[in-house]
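Chain by chain, the residues:
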Amino acid sequence: MTDTTETSRRNFIRLAAAGAAAASAVTLSATTAEAYQGNMERALSSLYDALASLREASSNKGGHRVNAMNLIQQAIAEVNEGIEFADEHGGGGAE
């Protein structure tokens, strides 16, 4: 691949990850009127960024890159469940 193609691909992946995080935040705020959970939302954004970076990395990591991606996907699910739990139990809280 050329440098331009690779850069475009990276930018697209970053944009897609940011869009997914934003869509998650919008969906969450649209479905619940609970307190904003800034730290949890920022954690989700960081996890999506990390996942995008790992997807861009070469695959010659002995399975560790794939394992890391799986763990990050599990972490994303856990953070979402934590947000949902807090919303259902009135534990939104400050940033």
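Residues numbered from 1 in each chain as written. Predicted model: local features only at pLDDT ≥ 70, side-chain atom pairs only at ≥ 80, totals over all residues. Heavy atoms only, no water.

**Describing the overall build of the protein**
Here is the rule we go by: Only DSSP runs of H or I covering at least 4 residues are called helices, and only runs of E covering at least 2 are called strands; the numbering of each starts at the N terminus. A 1.4 Å probe rolled over the protein chains alone gives each residue an accessible area, and that area as a share of the maximum for its type sets the label: buried under 20%, exposed over 50%, partly exposed in between. The contact definition used throughout considers only heavy atoms, calling two residues in contact when any of these lie within 4.5 Å. What sets the accessible areas is the Shrake-Rupley method with a 1.4 Å probe; for residues, cover comes only from the shown protein chains.
Check the secondary structure of the protein and you find three helices and zero strands. Order of helices (α) and strands (β) in the protein, N terminus to C terminus: α-α-α. In the protein, buried positions account for 23% of the 95 residues. A separation threshold of at least 6 residues defines the contact pool for the protein, and within that pool the share at least 24 residues apart is 68%. Entry remark: accessible area of the protein is about 6200 Å², with carbon and sulfur atoms responsible for 57%.

**Looking at the environment of Ala68**
Among the secondary structure elements, Ala68 is positioned in helix H3 (residues 64-88). On the basis of relative accessible area, Ala68 is assigned to the partly exposed category, the value being 24%. Linking Ala68 and Leu54, residues 14 residues apart in sequence, is a C-alpha distance of 7.9 Å.

**So, the packing of helix H2 (residues 38-56) against H3**
Operational definition: The convention used is that axes are lines fitted to C-alpha atoms, helices contributing only their stretch in contact, and that angles between N-to-C directions extend from 0 to 180 degrees. For classification, angles of less than 35 degrees are called roughly parallel, those exceeding 145 degrees roughly antiparallel, those between 65 and 115 degrees roughly perpendicular, and all remaining angles oblique. Left-handed is the label given to a crossing in which the near helix is rotated counterclockwise from the far helix by less than a right angle, and right-handed is the label when the rotation is clockwise.
Relative orientation of the contacting elements H2 and H3 amounts to 160 degrees, with a least axis distance of 10 Å. Taken together, the axis directions place H2 and H3 in an arrangement best described as roughly antiparallel. When the axes of H2 and H3 are compared, the crossing they make is left-handed. Each of Met40, Glu41, Leu44, Leu47, Tyr48, Ala50, Leu51, Leu54 and Arg55 in H2 lies in contact with H3, whose residues at this interface are Arg65, Ala68, Met69, Ile72, Gln73, Ala75, Ile76, Val79, Asn80, Gly82 and Ile83.

**Considerations on the environment of Arg10**
When you line up the elements, Arg10 lands in helix H1 (residues 3-31). On the accessibility criterion, Arg10 (33% relative accessible area) is partly exposed. Expressed as a C-alpha distance, the spacing of Arg10 and Ala52, which sit 42 residues apart in the sequence, is 8.5 Å.

**Some details on H3**
Operational definition: Each residue after the first adds 1.5 Å to the expected span of a helix.
Between its first and last C-alpha, H3 extends 36 Å over 25 residues, near the 36 Å set by a 1.5 Å rise per residue. Buried within H3 are the following residues: Arg65, Met69, Ile72, Ile76, Val79, Ile83, Ala86 and Asp87. In the stretch just after H3, Gly90 is the one whose phi turns positive, near 70 degrees.

**Some thoughts on H2**
Compared with an ideal rise of 1.5 Å per residue, which puts 19 residues at 27 Å, H2 spans 27 Å between its outermost C-alpha atoms and is within 8% of the ideal. Of all the positions in H2, only Gly38, Glu41, Leu44, Leu47, Tyr48, Leu51, Ala52 and Glu56 are classed as buried.

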